[in-house]
Amino acid sequence: MPSPDIPPPDLPIATAPMTDARSHALPPIRLRLLGTVPYTGALTRMREWTAARQAARKAALAGEAPPAAAPTIVPGTGEASLRRDWPDLAEAATAGDEIWLMQHPPVFTLGMNSQPEHLLNAGDIPEVPTERGGQITYHGPGQLVVYTMIDFKRRKTSVRNIVSALENSIIDTLSDYGITANADPQRPGVYVQGKKIA
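So, here is what we can say about the structure in this document. (Residues numbered from 1 in each chain as written. Predicted model: local features only at pLDDT ≥ 70, side-chain atom pairs only at ≥ 80, totals over all residues. Heavy atoms only, no water.)

With that settled, consider the pairing of strand β9 (residues 187-192). Where strand β8 (residues 182-184) and β9 come together, three bridges link them in antiparallel fashion. Pairing of Asp184 across the sheet is with Arg187, part of β9. Hairpin connection of β8 to β9: two residues between the antiparallel strands. Between the antiparallel neighbours β9 and strand β10 (residues 195-196) lie two residues, among them Gln193 with a positive phi of about 50°. (Pairing = 2+ DSSP bridges. Helix = DSSP H or I, 4+ residues; strand = E, 2+ residues; numbered from the N terminus.)

If you want it as structure tokens, here you go:
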């Protein structure tokens with residue numbers, strides 16, 4: 001399934017054409033629809049893809065050929081589930097910024113601020129420590145997860161700007177469905193009647 005190229009979000013990052021160190025216009029942000037991917041497989045692929053992209057850019061700046069990156073299959077997912085536009089590591093050398101949309105089988109991710117006693121009964125659901133901030137988050141079927149594979153420095157923006165753009169997009173989408181939502185400057189996320197929805 002081909003993935004559409006979409007323009008950057010309507011934010012400061014998109015108000016004027018951005019350029020990299022060589023004064024080339026940045027490509028649009030690419031949207032990838034990836035289906036159901038186990039959390040640890042997605043995390044591994046994000047790390048590999050980012051490392052391959054950084055190595056290719058470093059080589060390009062030095063005037064060298066980009067290093068070869070062999071595509072891999074995420075363990076435990078089977079090849080068939082990766083055919084829904086899964087990023088090939090060889091593409092990382094020329095890839096611009098991307099947004100990856102997927103869902104995960106049931107998993108609790110434990111942020112750096114999580115406290116084990118806050119997870120009362122995980123049952124058979126795996127618990128995976130992560131490097132992100134925050135506490136404990138449940139991910140499962142039917143929950144869309146959005147990963148931003150964006151080079152903030154090249155786009156001259158910040159994590160906060162990207163998070164605000166995503167929050168505003170969710171608020172606008174919910175409004176289209178007649179749901180009033182808002183962001184809270186004291187805590188990231190989107191809230192409906194004080195309850196976090198995203």
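Read on for the rest.
Here we have three strands laid out as an open sheet, ordered β5-β4-β6, and mixed in their pairing. Of all strands in the sheet, those with a lone pairing partner are β5 (127-129) and β6 (136-139), marking the two edges. Adjacent strand axes in the sheet meet at a mean angle of 25°, parallel and antiparallel pairs treated alike. (Axes fitted to C-alpha atoms, helices over the stretch in contact; angles between N-to-C directions.)

Next up on the list: unusual backbone geometry. One non-glycine residue, Lys156, lies in the positive phi region at around 55°. Of note, Lys156 is situated in the loop between α2 (152-155) and α3 (159-176). Residues other than glycine seldom take positive phi values, yet Gln193 does so here, at roughly 50°. With respect to the helices, strands and loops of the structure, Gln193 is situated in the loop between β9 and β10. Given the relative accessible area of 78%, Gln193 is considered exposed. (Buried < 20%, exposed > 50% of the residue type's maximum accessible area, 1.4 Å probe, protein only.)

This part covers the pattern of salt bridges. Pairs may arise between side chains of opposite charge once their charged atoms sit close together. In total, this model carries seven salt bridges according to the counting rule given. The partner of Glu98 in a salt bridge is Arg32, with the nearest N and O atoms 2.5 Å apart. Taken as a pair, Glu98 in strand β3 (residues 98-103) and Arg32 in strand β2 (residues 29-36) lie far apart in primary sequence, 66 residues in all. The pair Glu98 / Arg32 is uniform in exposure class, with both members buried. A salt bridge links Asp97 to Arg155; its shortest N-O distance comes to 2.3 Å. Remark: Arg155 occurs in helix α2 and Asp97 occurs in the loop between α1 (39-61) and β3; sequence separation between them is 58 residues. For Asp97, a relative accessible area of 1% gives the class buried. One salt-bridge network, held together by shared partners, links Arg53, Asp97 and Arg155. (Salt bridge = Lys/Arg side-chain N within 4 Å of Asp/Glu carboxyl O.)

Read these as geometric descriptors, not functional statements.
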